[in-house]
Amino acid sequence: MKIASVESFRLYPKAVKEAWIDDEFVWPSQPPSFFVKVTAEDGTYGVGESTSQQWYLGETAEQMAGLFSLYDQALQGADPENIAYCHHLMRAAYGGGMPGGRGARSGVDMALYDLVGKHREVPVYALLGGAYRTQFELLTNLYHKTPDTMARACEAFVARGFTGLKIKVGDEMLSKGFSRRNFASELAKLDAALEVTPNDVYIDADANQGWESAQWTVSTLRAYRGYSNLSIEQPLHYADLSGAVHVRAHGGVPVILDESVWSARAMLELARLNACDRVVLKLNRVGGFFEALKIVSICESAGIGVSVDTNPYTLVGDTAVCHIAATCRVHYPVDCEGHQSFLDWGGESLARGGIRIADGRAHLPHSPGLGVEVDWDAIERHQKRSDS
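A. Local environment of the overall build of the protein chain. For the protein chain, the helix and strand inventory stands at 16 helices and 17 strands. For 388 residues, the compact-globule estimate of 2.2 N^0.38 gives 21 Å, and the C-alpha radius of gyration of the protein chain, at 20 Å, lies within 12% of that figure. Seen along its three principal axes, the alpha-carbon backbone of the protein chain occupies a region of about 60 × 45 × 35 Å. For the protein chain, buried positions account for 59% of its 388 residues. Of the roughly 14900 Å² that the protein chain leaves accessible, carbon and sulfur atoms contribute 48%. Averaging the locations of the 36 positively and 48 negatively charged side chains of the protein chain gives two centres separated by 3 Å.

In structure tokens form, the structure reads like this:
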């Protein structure tokens with residue numbers, strides 16, 4: 001089997017998530033988004049998805065389209081079952097010498113695994129080594145701006161059976177700068193969430209690098225040591241690893257790192273430094289399944305937990321999220337409902353099959369490949385509506 005082409009199909013989602021609707025500071029109301037199709041010479045194909053956020057992942061739609069063209073040229077004639085070598089060719093074409101192109105590359109990677117899974121008639125998780133589970137507890141992201149709305153949102157998702165809540169506590173400092181007043185405003189939302197959330201539901205307080213100071217972070221977290229369900233996520237800049245080590249050693253609250261985890265080598269350094277208790281794994285930030293599996297192995301060996309997140313995605317990407325989550329021995333709630341809560345695709349379903357969300361769980365199909373099929377007619381209608 002040889003690769004004949006790599007194609008991309010631009011998508012035009014509109015955000016429906018609070019704080020994303022109006023391009024609030026860094027969160028995009030229309031994030032760059034593509035389906036990717038890798039076709040073999042015999043006409044069989046696999047599908048993947050690439051999405052980005054310019055501030056968060058550093059790729060614009062125009063850049064991603066150019067990268068897909070480079071990857072098409074690089075991979076024509078290659079064996080799609082030799083995924084390691086396909087990544088070697090893609091890194092040689094772009095981003096092998098420094099971080100770059102991982103979002104676009106992740107979509108091609110996803111499509112390669114889908115193609116090979118269909119060819120071998122096995123699910124992607126089987127190609128990744130097997131599944132510890134195919135049903136997953138759920139986590140959602142909450143960006144609400146007042147303590148009252150944050151508390152009500154927490155109660156609503158807990159009532160739906162969600163066992164993980166990611167409380168955004170860095171937006172004001174990202175947009176307005178670090179100050180005690182802005183810090184207090186963020187903490188008021190966290191306090192409201194903790195007050196109404198049962199102790200058996202994870203609360204991940206996500207600062208998105210906005211807390212700036214390691215010592216301020218430590219002094220603040222000491223007041224929260226009594227909450228056994230609370231963790232602090234990425235309070236400091238992604239490159240401030242010594243700060244993360246300091247917070248973990250002295251804050252009294254488990255530390256999650258997200259933006260710091262952009263490759264397996266970066267993860268290895270985090271493990272060596274004992275910089276975190278858990279990481280957030282995003283397929284589009286690390287370049288797809290191939291790199292993600294290395295990160296999961298490092299974390300398991302080092303006793304570090306792994307939470308897997310949407311970007312957000314459509315049903316295609318969120319199904320892929322569950323395939324990598326299936327390989328994690330220790331289960332944390334999975335953020336795979338972005339296709340329901342984050343984005344609107346114009347009132348029409350763009351894909352069939354995939355994960356099914358019911359009874360507070362995500363259920364992963366056992367079908368070959370990703371287990372999801374793109375409706376290409378719906379894609380064409382979607383693109384025409386967006387062009388008009």
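B. A look at the packing of aromatic side chains. Enumeration over the complete set of coordinates arrives at 11 aromatic pairs. Ring centres of Phe183 and Trp211 lie 4.6 Å apart, and the angle between their planes is 65°; this geometry places the pair in the edge-to-face category. A residue pair is termed long-range when its members are at least 10 positions apart, and Phe183 in helix H8 (residues 180–196) and Trp211 in the loop between strand E8 (202–206) and helix H9 (214–221) qualify at 28 residues. Given a relative accessible area of 1%, Trp211 falls into the buried group. Lys37 extends its terminal NZ or CZ atom over the ring of Tyr45, reaching a point 4.5 Å from the ring centre. Residue placement shows Lys37 over the ring face of Trp376; its charged tip is 4.8 Å from the ring centre.

C. Structural view of unusual backbone geometry. With an omega of 25°, the peptide bond between Asn311 and Pro312 qualifies as cis. Residue position: Pro312 is located in the loop between strand E12 (305–308) and helix H14 (315–325). One non-glycine residue, Gln209, lies in the positive phi region at around 75°. Tracing the sequence through the fold places Gln209 in the loop between E8 and H9. Even without glycine at this site, Glu212 takes up a positive phi of about 70°.

D. The sheet that holds strand E9 (residues 230–233), seen in detail. With respect to topology, 7 strands assemble into an open sheet ordered E6-E7-E8-E9-E10-E11-E12, the strand pairing being parallel. The open sheet terminates on both sides in strands that have one partner only, identified here as strand E6 (139–142) and E12. Direction aside, the axes of adjacent strands within the sheet are offset by 25° on average. Docked against the sheet, helix H6 (residues 147–159) engages E6 and strand E7 (164–168), running at close to 165° with respect to E7.

E. Spatial organisation of the nonpolar core. In this structure, Val108, Ile167, Leu190, Trp211, Met267, Phe289 and Ile324 are the most contacted members of the largest nonpolar core, which totals 116 residues. Setting aside residues up to four positions removed in sequence, Leu190 forms contacts with Ile167, Val169, Ile203, Ala205, Tyr224 and Leu230.

F. Representation of the packing of helix H2 (residues 61–75) against helix H3 (residues 83–93). Between H2 and H3, the least distance of the axes is 9 Å, while the angle of their chain directions is 130°. The angle between the axes of H2 and H3 places the two elements in the oblique class. For the pair H2 and H3, the crossing hand works out as right-handed. Residues Leu70, Tyr71, Ala74 and Leu75 of H2 lie in contact with H3, whose contacting residues are Cys86, Leu89, Met90 and Ala93. Tallied by class, the residues present in the contact of H2 with H3 amount to 8 nonpolar, no polar and no charged.

G. Looking closely at the pairing of strand E4 (residues 45–51). Burial of E4 is extensive: 6 of the 7 residues sit out of reach of the surface. Sheet topology places strand E3 (residues 33–40) next to E4; 7 bridges connect them, and they run antiparallel. Each bridged residue has a counterpart across the sheet, and for Phe34 the counterpart in E4 is Ser50. Hairpin connection of E3 to E4: 4 residues between the antiparallel strands, including Gly43 at a positive phi of 95°.

H. Focus on the sheet that holds E3. The antiparallel open sheet is built from 3 strands, whose spatial order is E1-E3-E4. The two strands at the open ends of the sheet, each matched to only one other strand, are strand E1 (3–11) and E4. The average undirected angle you get between the axes of adjacent strands in this sheet is 20°. Each of E1, E3 and E4 is contacted by H2, which is oriented at about 170° to E1, the strand it contacts most. Across the sheet, helix H4 (residues 102–120) lies against E1, E3 and E4, angled at about 155° from E4, the strand it touches most.

What counts, and at which threshold
- Residues numbered from 1 in each chain as written.
- Predicted model: local features only at pLDDT ≥ 70, side-chain atom pairs only at ≥ 80, totals over all residues.
- Heavy atoms only, no water.
- Helix = DSSP H or I, 4+ residues; strand = E, 2+ residues; numbered from the N terminus.
- Rg over C-alpha atoms; globule rule 2.2 N^0.38 Å.
- Buried < 20%, exposed > 50% of the residue type's maximum accessible area, 1.4 Å probe, protein only.
- Areas by Shrake-Rupley, 256 points an atom, 1.4 Å probe, with all protein chains shown as cover.
- Lys, Arg positive; Asp, Glu negative; His and termini not counted.
- Charge placed at Lys NZ, Arg CZ, Asp CG, Glu CD.
- Phe/Tyr/Trp six-rings, centres within 6.5 Å; stacked < 30°, edge-to-face > 60°.
- Lys NZ or Arg CZ within 6 Å of the ring centre and 35° of its normal.
- Pairing = 2+ DSSP bridges.
- Axes fitted to C-alpha atoms, helices over the stretch in contact; angles between N-to-C directions.
- Contact = heavy atoms within 4.5 Å.
- Core = buried A, V, L, I, M, F, W, Y, C linked by side-chain atoms within 4.5 Å.
- Parallel < 35°, antiparallel > 145°, perpendicular 65-115°, else oblique.
- Left-handed = near helix turned anticlockwise from the far one by under 90°.
- Nonpolar A, V, L, I, M, F, W, Y, C, P; charged D, E, K, R; others polar.

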